[in-house]
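# Observations on the model geometry
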Amino acid sequence: MAAALVDSAMEVVPALVEEAAPEAAGLSCLVNLPGEVLEYILCSGSLTAADIGRVSSTCRRLRELCQGSGKVWKEQFRVRWPSLMKHYSPTDYVNWLEEYKVRQKAGLEARKIVASFSKRFFSEHVPCNGFSDIENLEGPEIFFEDELVCILNMEGRKALTWKYYAKKILYYLRQQKILNNLKAFLQQPDDYESYLEGAVYIDQYCNPLSDISLKDIQAQIDSIVELVCKTLRGINSRHPSLAFKAGESSMIMEIELQSQVLDAMNHVLYDQLKFKGNRMDYYNALNLYMHQVLIRRTGIPISMSLLYLTIARQLGVPLEPVNFPSHFLLRWCQGAEGATLDIFDYIYIDAFGKGKQLTVKECEYLIGQHVTAALYGVVNVKKVLQRMVGNLLSLGKREGIDQSYQLLRDSLDLYLAMYPDQVQLLLLQARLYFHLGIWPEKSFCLVLKVLDILQHIQTLDPGQHGAVGYLVQHTLEHIERKKEEVGVEVKLRSHEKHRDVCYSIGLIMKHKRYGYNCVIYGWDPTCMMGHEWIRNMNVHSLPHGHHQPFYNVLVEDGSCRYAAQENLEYNVEPQEISHPDVGRYFSEFTGTHYIPNAELEVRYPEDLEAVYETVQNIYSAKKESVE
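Residues numbered from 1 in each chain as written. Predicted model: local features only at pLDDT ≥ 70, side-chain atom pairs only at ≥ 80, totals over all residues. Heavy atoms only, no water.

## What about the overall build of the protein chain?
Along the protein chain, the regular secondary structure elements total 25 helices and 13 strands. Looking at the protein chain as a whole, 47% of its 627 residues are labelled buried. Partitioning the intrachain contacts of the protein chain with sequence separation of at least 6 by distance along the chain shows that 62% fall at a separation of at least 24. Surface accessibility of the protein chain: about 32,200 Å² in total, with carbon and sulfur atoms responsible for 51%. (Helix = DSSP H or I, 4+ residues; strand = E, 2+ residues; numbered from the N terminus. Buried < 20%, exposed > 50% of the residue type's maximum accessible area, 1.4 Å probe, protein only. Contact = heavy atoms within 4.5 Å. Areas by Shrake-Rupley, 256 points an atom, 1.4 Å probe, with all protein chains shown as cover.)

## Remarks on the pattern of salt bridges
Overall, the coordinates contain 17 salt bridges when judged by the stated rule. Where glutamate 145 meets lysine 177, a salt bridge forms, and the shortest distance between an N and an O atom there is 3.2 Å. Residue glutamate 145 is located in helix H9 (residues 141-152), and its partner lysine 177 is located in helix H10 (residues 160-186); the two are separated by 32 residues in the primary sequence. Assessed through its relative accessible area of 7%, glutamate 145 is described here as buried. Judged by its relative accessible area of 35%, lysine 177 is partly exposed. Taken together, the shared-partner salt bridges in this structure form one network comprising Arg103, Arg111, Asp146 and Glu147. (Salt bridge = Lys/Arg side-chain N within 4 Å of Asp/Glu carboxyl O.)

## Side note on the sheet that holds strand S9 (residues 550-555)
Ordered by their spatial adjacency, five strands build an open sheet running S10-S9-S8-S7-S11, and the pairing between neighbours is antiparallel. In the strand order of this sheet, the two ends are held by strand S10 (560-564) and strand S11 (568-570), each with one partner. Strand-to-strand twist in this sheet, taken as the mean axis angle between neighbours without regard to direction, amounts to 50°. Examined bridge by bridge, S9 and S10 share five bridges and lie antiparallel to one another. (Pairing = 2+ DSSP bridges. Axes fitted to C-alpha atoms, helices over the stretch in contact; angles between N-to-C directions.)

## Quick word on the packing of helix H17 (residues 381-398) against helix H18 (residues 406-418)
Interaxial distance between H17 and H18 falls to 8 Å at its minimum, and their mutual angle equals 155°. Our classification of the angle between H17 and H18 gives roughly antiparallel. Crossing hand, H17 versus H18: left-handed. Together, Lys382, Leu385, Gln386, Val389, Gly390, Leu392, Leu393, Leu395, Gly396 and Lys397 of H17 and Leu407, Leu408, Ser411, Leu412, Leu414, Tyr415 and Met418 of H18 make up the contact between the two elements. A class-by-class count of the residues in the contact of H17 with H18 yields 11 nonpolar, four polar and two charged. (Parallel < 35°, antiparallel > 145°, perpendicular 65-115°, else oblique. Left-handed = near helix turned anticlockwise from the far one by under 90°. Nonpolar A, V, L, I, M, F, W, Y, C, P; charged D, E, K, R; others polar.)

## A few points about helix H7 (residues 96-121)
For H7, spanning 26 residues, the distance from its first C-alpha to its last is 37 Å, which sits close to the expected 38 Å at 1.5 Å a residue. Every buried residue of H7 is accounted for by Trp96, Tyr100, Arg103, Ala106, Gly107, Ala110, Ile113, Val114, Phe117, Ser118 and Phe121. If you check the start of H7, you find a side-chain oxygen 3.3 Å away from the backbone N of leucine 97, and it comes from asparagine 95. (Expected span 1.5 Å × (residues − 1). Polar contact = N/O pair within 3.5 Å; in protein donor to acceptor, adjacent residues only side chain to side chain.)

## A short note on a nonpolar patch on the surface
A cluster of nonpolar residues, Val488, Val490, Leu492 and Val602, forms a patch on the protein surface that exposes about 290 Å² of accessible area. The residue valine 602 is located in helix H24 (residues 598-603) in this model. Classification of valine 602 by relative accessible area gives partly exposed; the value is 45%. (Patch = residues over 30% accessible without salt bridge, like charges linked within 9 Å, V, L, I, M, F, W, Y side chains within 5 Å.)

## Some details on the layout of surface pockets
Size it by volume and the second largest pocket reaches roughly 890 Å³. Lys86, His87, Glu145, Arg174 and Asp211 are, among the 30 residues lining the second largest pocket, the residues nearest its centre. Where the lining of the second largest pocket is concerned, the elements lending two or more residues are H9, H10, helix H11 (195-206) and helix H12 (214-235). Of the residues belonging to the lining of the second largest pocket, the class tally is 13 nonpolar, eight polar and nine charged. (1 Å grid on protein atoms, 1.4 Å probe; cavity = no way out; pocket = protein on both sides within 12 Å on 5 of 7 lines; lining within 4 Å. Points joined across faces, edges and corners; volume = space filled by probe spheres on them.)

## Some points on the confidence of the model for the protein chain
Scored by pLDDT, the protein chain has a mean of 85; 82% of the residues are at 70 or more. Taken element by element, the predicted model of the protein chain shows its lowest mean pLDDT in helix H1 (residues 2-19) (46) and its highest in strand S2 (residues 298-299) (98). Below pLDDT 50 for its whole length, residues 1-22 participates in 31 contacts with residues either more than four positions away or in separate chains. (pLDDT = per-residue confidence, 0-100.)

## Brief notes about the sheet that holds strand S3 (residues 320-322)
Taken in spatial order, the four strands line up as S3-S4-S5-S6 in an open sheet, and their pairing is antiparallel. Here the strands that pair on one side only, and so sit at the sheet edges, are S3 and strand S6 (356-358). Sheet twist, expressed as the mean angle between neighbouring strand axes with direction ignored, is 40°. Note: S3 against strand S4 (residues 329-333), three bridges, orientation antiparallel. Bridge pairing links valine 322 to leucine 329 in S4.

## Comments concerning the environment of phenylalanine 244
Within the secondary structure, phenylalanine 244 is located in the loop between H12 and helix H13 (255-272). Separated by 72 residues in sequence, phenylalanine 244 and glycine 316 place their C-alpha atoms 8.5 Å apart. Filtering out sequence-adjacent residues up to four positions away, phenylalanine 244 remains in contact with Ser250, Ile252, Gln314, Leu315 and Gly316.

## As for the pairing of strand S5 (residues 346-350)
The buried fraction of S5 is high, at four of five residues. In the sheet, S4 pairs with S5 via four bridges, with the strands oriented antiparallel. Bridging across to S5, arginine 331 finds its partner in tyrosine 348. Judged from the three bridges that link them, S5 and S6 form a sheet pairing that is antiparallel. The residue bridging aspartate 350 from the neighbouring strand is lysine 356, located in S6. Joining the antiparallel neighbours S5 and S6 is a turn of five residues, in which lysine 354 adopts a positive phi near 60°.

## Focus: the environment of valine 384
Secondary-structure assignment places valine 384 in helix H17. Valine 384 gets classed as buried once you look at its relative accessible area, which sits at 1%. C-alpha of valine 384 to C-alpha of glycine 198: the two residues are 186 residues apart in sequence and 8.9 Å apart in space. Residues within four places of valine 384 in sequence aside, it is in contact with Tyr195, Ile302, Leu306, Pro321, Phe328 and Val379.

## Some details on the nonpolar core
Judged by nonpolar contacts, the single largest core of 75 residues is most densely connected at Met265, Tyr308, Ile311 and Leu319. Excluding residues that lie within four positions of it along the chain, methionine 265 makes contacts with Val228, Tyr270, Tyr308, Ile311, Ala312 and Leu315. Formed by 31 residues, the second largest nonpolar core is a distinct cluster that contains Phe122, Cys518, Tyr551 and Leu568. (Core = buried A, V, L, I, M, F, W, Y, C linked by side-chain atoms within 4.5 Å.)

## Points about the side chain of serine 118
Residue placement: serine 118 occurs in helix H7. A distance of 2.6 Å separates a polar atom in the side chain of serine 118 from a polar atom in the side chain of glutamate 599. Excluding its chain neighbours within four sequence positions, the residues that come into contact with serine 118 are Thr161, Tyr165, Asn597 and Glu599.

## Some remarks on the packing of H11 against H17
In contact at an axis separation of 9 Å, H11 and H17 are set at 30° when each is read in the N-to-C sense. Taken together, the axis directions place H11 and H17 in an arrangement best described as roughly parallel. The interaxial crossing formed by H11 with H17 has right-handed handedness. The residues of H17 that touch H11, namely those facing Tyr195, Gly198, Ala199, Ile202 and Cys206, are Val381, Val384, Leu385, Met388, Val389 and Leu392. A breakdown of the residues in the contact of H11 with H17 according to their chemical character gives 10 nonpolar, one polar and no charged.

This is the structure in structure tokens:
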């Protein structure tokens, strides 16, 4: 009977929505239904927010059912933005209609800003103050972020430019939030020993688009702890660690009982779960990210030690971190409580080496050198994080393919958040900004990020006058050049000096010599690089030398290259190029070629027509021959 009532009423709703008049024939039938049935109908998913607005204007009964804090608007909000529901508590009073309006407005603002970025920043990296519009937005930041995520999750191979800038904005917003959290964390007293929490902040900052949380990582570690307890129960069914409840911080004082825990840990971690030190790919940043250590079950000494330390402490074993040179270790006290201890009263644990327990002499054998007693001492959270970030910084300096130097930029930000007066790192940051051309939007303004950094360095260490002066001079020269810049250079294929240009922007090409796949995003009628580059790249050995067209290409390995025309050929099996900057230049991938976005098309207005002709000749002919 109830089902029949619902079906009958559902037939009335469309007519009601269309006419929106109290005199509609089915209105009396509808409003006389029980409230639960009406709510069920209105929440069925067949009505849009606009429909609900019109329904609520028909009579008092429906207006009351569609009140802002009721189930109907809550369901509209949930269906439209399901990922936001986790931010609301079931006990909170929420006016869902108002939330809907605010979220809708935030979405429109987000799209407006994303749409403006390509026009503003196509010719340069997004500058230091390029995100000022975002920082001044009204409304909850989570709504703005949610819209950016919606843009990133748009299906298909379209809206590539929108996705490119939405990703940059989301990256910035999340990093700012994480950095603020890290700075607050670093203000905790020295006895605050949440090593895992600090490591997760580093992980989050370097991977802001990944869904990483301390809660999730702790849950994964808790599941390992459960496995250790299961093994421990087989060793000693009355072990006190088995009685610990989640969140307790009790410590076991008996060495024998501690040893049983460590034995159980080693069995679970290294024998059962197959965790191991990553000797084969040691210099990989993933080894330092705790969520990746848990996923890949491998890491380097410091990350493996933090995992081992966290598990041991949850089970009552008071291990401590040791900032040992070249190989991070943990120490396990063997001395009596309250006694005066030296370095020989500890056993040192190598979590990278399957939990092997070492003496002082064996520690020295491990690194091949004698060290002072001070290096066997325990270190606080900040020192542990400093070493982790220092490792990332070293890896960032080694980057070759990633021309944005994102890891180096992230690790510099983190290091300077902890130690803001490190002169050499401030100089490195200034040089990096200068190298990448990351300038504020109005670069003739003297309040530049680079100049701010350089002024700070000069205050800290006047001895750096030469290096600072050099960078200041080049910064000011850049400002003068920006003042003199003219409008956009437009390259017409029909111009006489471009008659030798064979290929067009957006075409998928293959390098004849090196075999890489790439997409063209710019071209010059002849090589425009300097004499030194031409000499270093041995361009004169090419049959046509530098007097031939050269092409700017985005390569599938993430690099950007400048290739001679004679070294390129059409890729007969075109595929998407997974380069991080594709969206900066192109709006869509069609399956055979890329379509330039509005900014790139302005610079090469005749190329798109040439691309269509090429695609017709090359790929259509290939398809016909196959058939």
